[in-house]
Amino acid sequence: MPRIPDLPGNLIPPHSEQERWLKRHVAALCHLEHERFPGSQPVSFAAKDLDRLEEKDFWVAEKSDGVRVLLLVCPNPFDGEQTVYLIDRHNSYRQLEGLYFPHHENPAQQLRNTLVDGELVIDVDPHSQHEKLRYLAFDCLIVDNQYVMDKNLESRYGRLRSWMYKPYQQMMRDHPRMAQSQPFEFKVKDVRNSYSVEGVFNIDIPALQHGNDGLIFTCVSTTYAPGTDPNILKWKPPSENSIDFKLVLRFPPAPGKPKTPDFQTKPVFELHVWCGDVRYEPYDVMHVEDEEWESMKLSNKQLDEQIVEVHWDIEGEVWRMMRFRNDKPHGNHKSVVDNIIKSIADGVEKDVLLLRSQAIRNNWKLRHGEPTGGRPPPNSLPQKPVTRPPLPTPTAHLPTPPPPPPPHVQHQPPPQSHADAPPAPAVAPRYARLAPSPWSKVTGPSMIGGMYR
């Protein structure tokens, strides 16, 4: 998997007066009554969200596989000089050196208080294998002392590009040597209308020099909401949906010593779900092969009580490890886990998303009073027929099909909502309920090896 970058900058000491000032300053800028991490969080994409893409305008972009951080630009309270920080999801602050943003009206002046949302990635040149750290901004909360969280995405994105990125680009063209002192390159992520999702799959993602973790759909008309935002949809193929848990190792007792753990034996890999604050509860267990366990031991890394990213193995009906997530302070909240479980069972495959893009486009055009046209635009529909595996469905709950109509009865096609938009194809869940497994909390027993899950 792609390497997760280490965060640059000098860590502001936790609980120091400087950190307390920064948190109060950010909370005041964002009009918040708390000093927690102010960034928004997406929800998992499900089949019902296809209807939302038809009903409202969404933008879509590839979801970069990196570290989510906010970038804060603010004047130093002592001398007024511009200072730049990174804020991670632990709500820790790191001061950066060598990064400067000029004012959009007068380049001789400095950009004032600004808070930007983005992702830090490692881009690898495919020819030279040279690595470059880049910050990909995709939204903003504050720009040059102006509060924009209450504006829609189109306005926020426009301010980000014109008030921050454009003068930064001009500065770099005028003074290219400045790139040598910067901790990373600053860029703004490109976006597309939601019906152009094939362009993301066929053009944007293949051109990436960093890892990809699916798609992000963001509603154009809504405001910026700290915390979980149902208007930001994270799409992944159902088989690639992942969950972050806290890993807890449970070793069996040594022979003849019931109170002494046998550290030479492979433990049970418990997955604990975050319930808020500092409370976790057992959720399920992770399957680890013997050779995987030997490799984990050889790494000499702390394994117990680390945040681990796992995915559901459809064939083995077990949770499998993907990687450790040291960039996250907690695993996914149990409410988020429930939604991801639903996405695994009721997810949307890539071919279904592509097939729906024509109806999404037509509805978009109708909302804006534009002609829908008779043919789909380039990069909006697949170029060849899509084959789908048969959908496993339990026969016990299938309704009895109606008898065939008499030959003289002619069925009329269902009426369309408008003349130019074809009816959206029916989207059925691609997976039935998870099969019974002794290791699955979803269908297995509540106790394994004397331990409640």
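Here, the structure is the one placed above.
Bear in mind the structure is a predicted one, so any value in this text is a computation, not a measurement.

1. Considering the packing of aromatic side chains
Applying the stated criterion to the full structure yields 15 aromatic pairs. Residues Tyr168 and Phe186 carry aromatic rings whose centres are separated by 5.5 Å and whose planes lie at 75° to one another, so their mutual orientation is edge-to-face. Of this pair, Tyr168 sits in helix α3 (residues 153-174) while Phe186 sits in strand β10 (residues 185-188), and the two are 18 residues apart along the sequence. Given the relative accessible area of 2%, Tyr168 is considered buried. Feature note: the residues Phe101, Tyr135, Tyr165, Tyr168, Phe184 and Phe186 constitute an aromatic cluster, connected by ring pairs. The cationic tip of Arg159 hangs over the ring face of Trp163; the distance from NZ or CZ to the ring centre is 4.4 Å. Residue placement shows Lys350 over the ring face of Phe201; its charged tip is 4.6 Å from the ring centre.

2. Re the nonpolar core
Counting residues in hydrophobic clusters, the biggest one holds 55 residues, and the most contacted among them are Leu71, Phe101, Tyr135, Phe186, Phe217 and Leu353. Among residues more than four places away in sequence, those in contact with Phe217 are Phe45, Leu53, Phe58, Trp59, Val60, Ser194, Val197, Asn231, Ile232, Leu233, Trp235 and Leu353. If you look at the next biggest cluster of nonpolar residues, it comprises 22 residues, including Val310, Trp319, Ile341 and Ile344.

3. Focus on the packing of helix α4 (residues 197-204) against helix α7 (residues 350-367)
Close contact between α4 and α7 brings their axes to 8 Å; oriented N to C, the two are set at 125°. If you check the angle between α4 and α7, you find them oblique. In contact with Val197, Glu198 and Phe201 of α4, α7 contributes Lys350, Leu353, Leu354 and Ser357. Grouping the constituent residues of the contact of α4 with α7 by class yields four nonpolar, one polar and two charged.

4. A short note on the sheet that holds strand β14 (residues 242-250)
With mixed pairing, five strands are arranged side by side around a closed barrel as β14-β17-β18-β20-β19. Neighbour-to-neighbour, the strand axes of this sheet turn through a mean angle of 55°, independent of strand direction. Inspection of the sheet shows strand β18 (residues 280-287) paired to strand β20 (residues 318-324) by two bridges, in the parallel sense. Counterpart to Met286 in the pairing with β20 is Trp319. Packed onto the sheet, helix α5 (residues 290-298) meets β17 (268-274), β18 and β20 and runs at close to 25° relative to β20. Each of β14, β17, β18, β19 (306-313) and β20 touches helix α6 (residues 334-345); the most contacted strand, β14, lies at about 115° to it.

5. A few points about α3
Since the α-helix turns once every 3.6 residues, residues separated by three or four places project in the same direction. Between its first and last C-alpha, α3 extends 30 Å over 22 residues, near the 32 Å set by a 1.5 Å rise per residue. Residue Tyr165 marks the point of greatest curvature in α3, where the axis turns by about 40°; the proline Pro167 follows within four residues.

6. Examining the sheet that holds strand β11 (residues 192-193)
Strand pairing in a sheet is mediated by backbone hydrogen bonds. Such pairs are either parallel or antiparallel. Pairing in this open sheet of five strands is mixed, and the strands run β2-β13-β12-β3-β11 from one edge to the other. Every interior strand has two partners, whereas the edge strands, β2 (40-44) and β11, have only one. Judged from the four bridges that link them, β2 and strand β13 (residues 227-235) form a sheet pairing that is parallel. Note that in β13 the partner of Gln41 across the bridge is Thr228.

7. Comments concerning the environment of Leu71
You can see Leu71 is positioned in strand β4 (residues 67-75). On the basis of relative accessible area, Leu71 is assigned to the buried category, the value being 0%. A sequence separation of 22 residues divides Leu71 from Tyr93, and the C-alpha atoms of the two residues are 9.6 Å apart. Leu71 has contacts with Val84, Tyr85, Leu86, Leu99, Phe101, Thr114, Leu115, Val116, Tyr135, Met164, Phe184 and Phe186, leaving out every residue within four places of it along the chain.

8. Structural notes on the pairing of strand β3 (residues 58-64)
β3 sits mainly inside the fold: seven of its seven residues count as buried. Strand direction decides the pairing type here: β3 and strand β12 (residues 212-219), joined by six bridges, are antiparallel. The partner of Val60 across the bridge, within β12, is Phe217. Two elements, β3 and β11, share two bridges in a ladder whose sense is antiparallel. Bridge pairing links Val60 to Arg192 in β11.

About the cut-offs
Residues numbered from 1 in each chain as written. Predicted model: local features only at pLDDT ≥ 70, side-chain atom pairs only at ≥ 80, totals over all residues. Heavy atoms only, no water. Phe/Tyr/Trp six-rings, centres within 6.5 Å; stacked < 30°, edge-to-face > 60°. Helix = DSSP H or I, 4+ residues; strand = E, 2+ residues; numbered from the N terminus. Buried < 20%, exposed > 50% of the residue type's maximum accessible area, 1.4 Å probe, protein only. Lys NZ or Arg CZ within 6 Å of the ring centre and 35° of its normal. Core = buried A, V, L, I, M, F, W, Y, C linked by side-chain atoms within 4.5 Å. Contact = heavy atoms within 4.5 Å. Axes fitted to C-alpha atoms, helices over the stretch in contact; angles between N-to-C directions. Parallel < 35°, antiparallel > 145°, perpendicular 65-115°, else oblique. Nonpolar A, V, L, I, M, F, W, Y, C, P; charged D, E, K, R; others polar. Pairing = 2+ DSSP bridges. Expected span 1.5 Å × (residues − 1). Bend = angle between axes of the 7 residues up to and from the residue.

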